[in-house]
Amino acid sequence: MQPLALLPPALLLLLSLPLPSQSFSFTWPFPGKRFTDEGLIDAGSLGLGEVNGRIAAVGNWNGESQFLDVFSLSDDQRSLSIYSWDHASFSYRKTPETLEFHSKAQNVVPGDFNYDGKLDLLVMLEHNEGWWNEASALEIQIYTQDENGHFNVNPLELPSSTLAQPMVIDATGDLKPDLLGFPSASKGEGDSVMKLWQNVDGEYKLVDAPLDASKVCTLANPHSNAFVDLDGDCLADVFLHCTDNYSGDSSFQIWLNRKEKGYVLAKEGRLPKGTGQVTFADMDRDGTLDMVFPTCSSFSTRTGIGKDCSINIAYNQQIPLCSATSFGGPASCRDPQALCSSDPGFSFDFREGGDSFTSFPLSTLFPGSPNHNDNNLASSSLLLFDVSHEPSIPIPLRAGDYNLDGYPDLMIILATARGGTTVRLLQSEPCSSSSTKECGKAAEKGRRRFREVQKGAEALKKMEDVRGASFMDVDEDGSLDMLIQRTGKQTGDRINFIQNNYFHDAFFLKTLVLNGACQGLCQPVNSTRPKYHPFGVSYSGASVKFTILDTSGRKAVTQVAQLPQTSYLSLQTPYSLFGLGRTNNYVENLFVGTTLHSLDHFTSIEGVIPNSQVVISPPSPSPAPPALAENSQWSWELYLHPGEYVPWVTFSVFVATVVLAGVVGVLHVRERKEDEAERRRALHRLNFSAM
């Protein structure tokens, strides 16, 4: 819809009047748009042109604003630089903060590891033990941030792990990040038993894992382990990506979170042959998190490219949301007022042709003809690993709602016929009766399919040296933009930002769940230092569910996870951004769940305004430290996002007010004249009667 169609009739009439012939100047009181074209705009490097490595992580480093900063890992993987976002110049600026490592860094995880409301960094470094000079273990170090905003040069040393990277979870329910994985045998611990690196007041010690060690599978390396709610109770569970040592086939285990009782093995099964990285997203907007992953028939370790690939969705089968006509009781549907209720019967079905699993061959999405794509795609080949990094980094399918319609879309990296790699954006669409061939029986359940975004996506097709891509909200304007990482072989550029400038008449909601380290502002230990915001905690394991009425009057429910995966440079944002669709109704119920070991591990918020960001701080775990004793209640803050329509609405209201004031003034003058004429007529009649 064009902006003029939103203006009131009075303003349209005013704009239609002929302008005087003489020249005049007029100052528009509102700033113009930075990008005026509709589509995906190549915004360049935005100040990261000097980066010669890769972006390893994103997070709010200084905590004073809600803008994301980036952490750049050098080409030799031995140093880390920090670039802070400058809103005024719309670019990143390099900070003096630089970390130097004695060996190659394999993973960087932002988080609040000492529970002070400031962003710290956990770094995994390769450790060489044998004469063959190959990495056999991972050293783990934590760089905490001091009160002056600098990282301590002497990191905290943790027991090392095997090459299968440990994952960040909150196993003890105190909102402090622990690590779950297999310790390295070099530190006196066997690598056959899973352990927990437990966070005890900022210090870490190895303890028995909260999982039954005798049932834990052999982790794949690389794996897709996740800390994510899969049974619907808003309490993060453990998903393990496993491998068979003999056949190499992939499988999975789902361990449900039972708080103080630990984790219980609830589901396990085999993944389809050739499965890559698993991504979790609510693909069909039913309030459950589904599995999205690629499968390929063959794979090249030299190029990292898989051939004859497909995109697969395994839908999470849970009890549906109760509607106005649902009378089956709580056993057959989920009450909208109790979204955080567990469904012990949840399941995943990987059988092809069923109504809970869909598979889309890339050859059907990208025919691969020169007339269809500018760079002639090798239509069924998908980039699975970035081999320019040592060791190779797994490339997942990136899920994000670029058009804010409420359904996640996918960003993938394809191989071209000329030997390059390029990014493509796939838009989610509903399966219909005419698409039974692609969706199978899933079409009967309102599942989703994909089509390539062509209009306005020319900037993506020009890049043929892509080695990584992820979604992020540049400048916090409420749209999912793209961070593209390149090899530099094509133009010398290593970093490219793609600005999402599609004109959507849809709304969004952004949530940021903190770790409860402090409510509002944090008070430093040194009381002479100023207070600071705890926006940089990057809390992993939060779960968000909400209901909203769509344009058809149907109550829709959506679930999102905050930072569920932290291994292998996952590059996930610390917040959750999702579309609400074209409805401007209030979000009826927003449920926010944490990993607290208490009855109230979640809270609900009613009537949240669209186009806003909600920052939620859970209560401090009990018993709370004396300095945090007052943080015993849930708290939240709402930050409104001024939409692009606000200047037009303001201008329309101003013009309408002037027009109405003019009309009132004219009517007032006419009324006074009529009153004066009537008074004179009455006086004339009185004088005539006296004669």
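Predicted model, so just to flag it, every value in this text is computed and none were measured.

### Topic: the overall build of the chain
Here's step 1: Scanning the chain from N- to C-terminus turns up five helices and 39 strands.
Here's step 2: Intrachain contacts of the chain at a sequence separation of at least 6 include 58% that bridge at least 24 residues.
Here's step 3: Summed over its atoms, the accessible surface of the chain is roughly 30,700 Å², and 54% of this surface lies on carbon and sulfur atoms.

### Here's the deal with unusual backbone geometry
Here's step 1: In the segment running from asparagine 221 into proline 222, the intervening peptide bond is cis, with an omega of 5°.
Here's step 2: Residues glutamate 390 and proline 391 are joined by a peptide bond in cis, for which omega reads -5°.
Here's step 3: In this fold, proline 391 is placed in the loop between strand E23 (385-386) and strand E24 (393-394).
Here's step 4: At aspartate 308, a residue that is not glycine, the phi angle is positive and equals roughly 55°.
Here's step 5: Secondary-structure assignment places aspartate 308 in strand E20 (residues 305-314).
Here's step 6: The residue leucine 404 is not glycine, and still its phi comes out positive at about 60°.
Here's step 7: Relative to the helices and strands, leucine 404 resides in the loop between strand E25 (398-400) and strand E26 (409-416).
Here's step 8: Leucine 404 sits in the buried class, given a relative accessible area of 7%.

### Some remarks on the sheet that holds strand E11 (residues 178-181)
Here's step 1: The strand order across the open sheet built from four strands is E10-E11-E12-E13, with neighbouring strands paired in antiparallel fashion. Unpaired on one side and paired on the other, strand E10 (167-169) and strand E13 (203-208) mark the two borders of the sheet. On average, adjacent strands in this sheet sit at an angle of 30° to one another, irrespective of strand direction.
Here's step 2: Pairing analysis gives three bridges linking E11 to strand E12 (residues 195-200), with the strands arranged antiparallel. Paired with leucine 179 across the two strands is tryptophan 197, which belongs to E12.

### So, the nonpolar core
Here's step 1: In this structure, Leu48, Leu425, Leu460, Met482, Phe497 and Leu590 are the most contacted members of the largest nonpolar core, which totals 80 residues.
Here's step 2: For this core, the element with the highest residue contribution is strand E32 (residues 507-513), accounting for five residues.
Here's step 3: For leucine 460, the contacting residues outside a window of four places in its chain are Leu40, Thr422, Val423, Arg424, Leu425, Met482 and Ile498.
Here's step 4: Membership of the second largest hydrophobic core comes to 23 residues, among which are Cys296, Phe385, Leu410 and Cys431.

### As for the side chain of arginine 54
Here's step 1: Mapping arginine 54 onto the fold places it in strand E2 (residues 54-59).
Here's step 2: The exposure class of arginine 54 is buried, given its relative accessible area of 7%.
Here's step 3: Here aspartate 386 takes part through its side chain, which lies 2.4 Å from a polar atom of the side chain of arginine 54.
Here's step 4: Discounting residues that sit within four places of it in the chain, arginine 54 has contacts with Phe71, Ser72, Leu73, Asp386, His389, Ile393, Arg467, Gln485 and Leu569.

### Thoughts on the state of the cysteines
Here's step 1: This model, assessed by the stated rule, comprises five disulfides.
Here's step 2: There is a disulfide in this structure between cysteine 296 and cysteine 309, and the S-S distance comes to 2.0 Å. Between cysteine 296 and cysteine 309, the disulfide has an S-S torsion of 105° and is therefore right-handed. Of this pair, cysteine 296 sits in strand E19 (residues 290-299) while cysteine 309 sits in strand E20, placing them 13 residues apart in sequence. Each member of the pair cysteine 296 and cysteine 309 is classed as buried.
Here's step 3: With a sulfur-sulfur separation of 1.9 Å, cysteine 322 is cross-linked through a disulfide to cysteine 333. Around the S-S axis, the bridge from cysteine 322 to cysteine 333 shows a dihedral of about 90° and counts as right-handed. With cysteine 322 in the loop between E20 and strand E21 (357-361) and cysteine 333 in the loop between E20 and E21, the pair connects residues that are eleven residues apart, well separated along the chain. Comparing cysteine 322 with cysteine 333, the two get one shared label, buried.

### Some details on the side chain of threonine 275
Here's step 1: Within the fold, threonine 275 resides in the loop between strand E17 (263-270) and strand E18 (279-281).
Here's step 2: Here threonine 275 falls in the buried class, since its relative accessible area comes to 13%.
Here's step 3: Within the structure, threonine 275 has its side chain in polar contact with the backbone oxygen of proline 272 (distance 2.5 Å).

### Focus: the pattern of salt bridges
Here's step 1: The final tally for this structure, using the stated rule, is 23 salt bridges.
Here's step 2: Linked by salt bridges that have partners in common, Arg54, Asp386 and Arg467 make up one network.

### Some remarks on the environment of histidine 241
Here's step 1: Note on placement: histidine 241 falls in strand E15 (residues 237-243).
Here's step 2: The class of histidine 241 is buried, set by a relative accessible area of 2%.
Here's step 3: Residues histidine 241 and serine 251 lie ten residues apart in sequence; the distance between their C-alpha atoms is 6.2 Å.
Here's step 4: At a separation of 3.1 Å, a polar atom in the side chain of histidine 241 contacts the main-chain amide nitrogen of serine 224.

### With respect to a nonpolar patch on the surface
Here's step 1: A cluster of nonpolar side chains, namely Trp636, Leu638 and Leu640, defines an oily patch on the protein surface of about 300 Å² accessible area.
Here's step 2: Position of leucine 638 among the secondary structure elements: in strand E39 (residues 635-640).

### Let's talk about the environment of leucine 179
Here's step 1: Take leucine 179: it is sitting in strand E11.
Here's step 2: Non-local contacts of leucine 179, meaning those with residues more than four positions away in its chain, are made with Leu122, Ile140, Leu158, Pro166, Met167, Val168, Lys195, Leu196 and Trp197.

### Remarks on the environment of lysine 176
Here's step 1: Position of lysine 176 among the secondary structure elements: in the loop between E10 and E11.
Here's step 2: Assessed through its relative accessible area of 12%, lysine 176 is described here as buried.
Here's step 3: Those residues within four positions of lysine 176 in sequence are excluded, and the remaining contacts are Tyr115, Ile169, Asp170, Asn199 and Asp201.
Here's step 4: A distance of 3.4 Å separates the side chain of lysine 176 from the side chain of aspartate 201, its partner in a polar contact.

### A closer look at the packing of aromatic side chains
Here's step 1: Tallied over the entire structure, the rule returns 17 aromatic pairs.
Here's step 2: Judged by centre distance (5.6 Å) and plane angle (70°), the ring pair of tyrosine 402 and tyrosine 502 falls under edge-to-face. Of this pair, tyrosine 402 sits in the loop between E25 and E26 while tyrosine 502 is found in the loop between strand E31 (495-500) and E32, placing the two residues 100 residues apart along the sequence.
Here's step 3: On the basis of relative accessibility, which here comes to 5%, the residue tyrosine 402 falls in the buried class.
Here's step 4: The exposure class assigned to tyrosine 502 is buried, which follows from its relative accessible area of 14%.
Here's step 5: Ring pairs connect the aromatic residues Phe239, Phe252, Phe280, Phe293, Phe350 and Phe357, which therefore count as one cluster.
Here's step 6: It is lysine 176 that lies over the ring of tyrosine 115; its NZ or CZ is 5.3 Å from the centre.
Here's step 7: Its guanidinium or amino end placed over the ring of tyrosine 315, arginine 447 lies 4.2 Å from that ring's centre, counting from NZ or CZ.

### Some points on the pairing of E17
Here's step 1: Of the pairings in the sheet, the one linking strand E16 (residues 250-257) to E17 comprises seven bridges and is antiparallel in character. Considered in E17, the bridge of glutamine 253 is made with glutamate 268.

### A few points about the sheet that holds strand E6 (residues 105-111)
Here's step 1: What the four strands build is an open sheet, ordered E6-E7-E8-E9; its pairing is antiparallel. The open sheet has two free edges, formed respectively by E6 and strand E9 (156-161), since each of these has just one partner strand. For this sheet, the mean inter-axis angle between neighbouring strands, taken without regard to orientation, is 20°.
Here's step 2: Looking at chain direction, strand E8 (residues 135-143) and E9 are connected through four bridges and run antiparallel. Bridge pairing links leucine 138 to serine 161 in E9.

Calculation notes
- Residues numbered from 1 in each chain as written.
- Predicted model: local features only at pLDDT ≥ 70, side-chain atom pairs only at ≥ 80, totals over all residues.
- Heavy atoms only, no water.
- Helix = DSSP H or I, 4+ residues; strand = E, 2+ residues; numbered from the N terminus.
- Contact = heavy atoms within 4.5 Å.
- Areas by Shrake-Rupley, 256 points an atom, 1.4 Å probe, with all protein chains shown as cover.
- Buried < 20%, exposed > 50% of the residue type's maximum accessible area, 1.4 Å probe, protein only.
- Pairing = 2+ DSSP bridges.
- Axes fitted to C-alpha atoms, helices over the stretch in contact; angles between N-to-C directions.
- Core = buried A, V, L, I, M, F, W, Y, C linked by side-chain atoms within 4.5 Å.
- Polar contact = N/O pair within 3.5 Å; in protein donor to acceptor, adjacent residues only side chain to side chain.
- Disulfide = S-S within 2.5 Å.
- Salt bridge = Lys/Arg side-chain N within 4 Å of Asp/Glu carboxyl O.
- Patch = residues over 30% accessible without salt bridge, like charges linked within 9 Å, V, L, I, M, F, W, Y side chains within 5 Å.
- Phe/Tyr/Trp six-rings, centres within 6.5 Å; stacked < 30°, edge-to-face > 60°.
- Lys NZ or Arg CZ within 6 Å of the ring centre and 35° of its normal.

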